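Residue strings, one per chain:
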Amino acid sequence: MPPSCTENRHGQPIGLPVAAWQPAHRPDHSVLTGRYCRLEPLDAPRHAASLWQAWRHPDPALTDDREGEARWTYLGGRPFADEAGCRRWLQTMSAGQDPWCYAIIDPQDDQAVGMATYLNIVPDDGRIEIGHLNFSPRMARSRLSSEALMLLMAHSFALGYRRLEWKCDALNALSRRAAERLGLRFEGVFRQHRVVQGRNRDTAWFSVIDDEWPALHAAHQQWLAPDNFTPAGAQRQPLTRFRAPLDVSARA
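Residues numbered from 1 in each chain as written. Predicted model: local features only at pLDDT ≥ 70, side-chain atom pairs only at ≥ 80, totals over all residues. Heavy atoms only, no water.

Asks: Provide a residue-level description of the packing of helix H1 (residues 44-56) against helix H2 (residues 83-93), including the pertinent values.
Replies: In contact at an axis separation of 9 Å, H1 and H2 are set at 125° when each is read in the N-to-C sense. Classified by the angle their axes make, H1 and H2 are oblique. Viewed along their axes, H1 and H2 form a crossing whose handedness is right-handed. Residues Ala44, Ala48, Ala49, Leu51, Trp52, Gln53 and Trp55 of H1 touch H2, and the partners they reach there are Glu83, Cys86, Arg87, Trp89, Leu90 and Gln91. Across the contact of H1 with H2, the residue classes break down as 9 nonpolar, 2 polar and 2 charged. (Axes fitted to C-alpha atoms, helices over the stretch in contact; angles between N-to-C directions. Helix = DSSP H or I, 4+ residues; strand = E, 2+ residues; numbered from the N terminus. Parallel < 35°, antiparallel > 145°, perpendicular 65-115°, else oblique. Left-handed = near helix turned anticlockwise from the far one by under 90°. Contact = heavy atoms within 4.5 Å. Nonpolar A, V, L, I, M, F, W, Y, C, P; charged D, E, K, R; others polar.)

Printed below as a string of structure tokens:
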């Protein structure tokens, strides 16, 4: 019998008990503060103008990215055409409890430079997802973008969740690499999972669970340490270097 199960009085394999289980807490209006960024619960009147400007900048790595539209491809397309529309969309996104949206703030000038959310929040099962990630070019390949995601991961486990999920279009190579770099495990692809703008979407699933989190969190903290970066902000050791012992353990 696998170590992840036990046997009931009928001789059937069943899952192990979850000792003293209590439902997790829902995210609240707490601000998540790190060394290089701050995550504030999304407030459309306060954050819309800076997000609109940040999202309008084209990604220099992509061809023909008019006004930053390419970063919306795997999110179903940009749902607004101007700042007023951006504000209305942000108001809709932040109106409920799920998704629970954050503006990512660069403390150097206190401007919102991206957005991230919790969604599919199920406190009774201890399951939560990170998604709706939309980072401006200003966040590209920076400590700020990595720490924003690390803060969300850490906060989810602090709230009592036992499983953190990451799902993305299976064709979105950047999102898949980001999940793997952060230490989430690939679980497979849901074929024909969704129809997005009339197109098929296969969805890649990743996760990290509470037993894995302490060691992964320690690796994140080692990577984020100031002495791992040059004065110009370049990393001295990649995150994969600190994660390497965990990857070996996972394959064993």
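Asks: Please set out the packing of helix H3 (residues 143-158) against helix H5 (residues 213-224) residue by residue, giving values where relevant.
Replies: Where H3 contacts H5, the two axes come as close as 11 Å, and the packing angle between them is 155°. In terms of orientation, H3 lies roughly antiparallel with respect to H5. Handedness of the H3/H5 crossing: left-handed. Contacts between H3 and H5 involve Arg143, Ser146, Glu147, Met150, Met153, Ala154 and Phe157 from the former and Trp213, Leu216, His217, His220, Trp223 and Leu224 from the latter.

Asks: Kindly report on unusual backbone geometry, identifying the contributing residues and their values.
Replies: For the bond running from Asp98 to Pro99, omega is 10°, close enough to zero to count as cis. Counting through the fold element by element, Pro99 comes out in the loop between H2 and strand S5 (100-106). For Asn120, which is not glycine, the phi dihedral falls at a positive 50°.

Asks: Can you explain H2? Please cite residues and give values.
Replies: If you check which residues of H2 are buried, you get Gly85, Cys86, Trp89, Leu90 and Met93. Along H2, the residues classed as buried sweep out an arc of 135° about the axis, all on the same side. Those residues of H2 that are exposed and angled more than 90 degrees off the buried face are Arg88 and Thr92. Considering only its buried residues, H2 is in contact with H1, S5, strand S6 (111-122) and strand S7 (127-135). (Buried < 20%, exposed > 50% of the residue type's maximum accessible area, 1.4 Å probe, protein only. Arc of directions from axis to C-beta.)

Asks: An account of the pattern of salt bridges is needed here, citing residue identities and associated values.
Replies: Here the structure, examined in full by the defined rule, presents 13 salt bridges. Taking the shortest distance from any N to any O, the salt bridge between Asp43 and Arg46 comes out at 3.7 Å. Residue Asp43 is classed as partly exposed on the basis of its relative accessible area of 27%. Linking Arg138 and Asp109 is a salt bridge whose minimum nitrogen-to-oxygen distance equals 2.7 Å. With a gap of 29 residues between them, Arg138 in the loop between S7 and H3 and Asp109 in the loop between S5 and S6 connect regions that are remote in the sequence. Put simply, Arg38, Glu40, Asp43, Arg46 and Asp110 are held in one network by salt bridges that share partners. (Salt bridge = Lys/Arg side-chain N within 4 Å of Asp/Glu carboxyl O.)

Asks: Before we move on, can you summarise the nonpolar core with the specific residues and values?
Replies: Counting 43 residues, the largest nonpolar core has Leu39, Ile104 and Met153 as the members making the most contacts within it. Among the elements that line this core, the one with the most residues is H3, at 8 residues. In terms of nonpolar packing, the next biggest core, distinct from the first, is built from 17 residues, Cys86, Cys101, Ala103 and Ile105 among them. (Core = buried A, V, L, I, M, F, W, Y, C linked by side-chain atoms within 4.5 Å.)

Asks: Break down the pairing of S5 for me, citing the residues and quoting the values.
Replies: Across the 7 residues that make up S5, a large majority, 7, are buried. Of the two faces of S5, the one carrying Trp100, Tyr102, Ile104 and Asp106 and the one carrying Cys101, Ala103 and Ile105 are both buried. As paired elements, strand S4 (residues 38-41) and S5 share 4 bridges and run antiparallel to each other. Counted as the bridge partner of Pro41 is Tyr102 from S5. (Pairing = 2+ DSSP bridges.)

Asks: Any chance you could break down the packing of aromatic side chains for me, citing the residues and the numbers?
Replies: Tallied over the full model, the rule gives 13 aromatic pairs. Look at Trp52 and Phe80: their rings are 6.0 Å apart centre to centre, the planes differ by 65°, and that puts the pair in the edge-to-face class. Taken together, the residues span a long stretch of sequence, with Trp52 in helix H1 and Phe80 in the loop between H1 and H2 at a distance of 28 residues. Owing to a relative accessible area of 7%, Phe80 belongs among the buried residues under this scheme. Among the aromatic side chains, those forming a connected cluster through ring pairs are Trp52, Trp55, Trp72, Phe80 and Trp89. The ring of Trp21 is capped by Arg162, whose NZ or CZ atom sits 6.0 Å from the centre of that ring. One residue, Lys167, lies across the ring of Trp205, its end atom 4.4 Å from the ring centre. (Phe/Tyr/Trp six-rings, centres within 6.5 Å; stacked < 30°, edge-to-face > 60°. Lys NZ or Arg CZ within 6 Å of the ring centre and 35° of its normal.)

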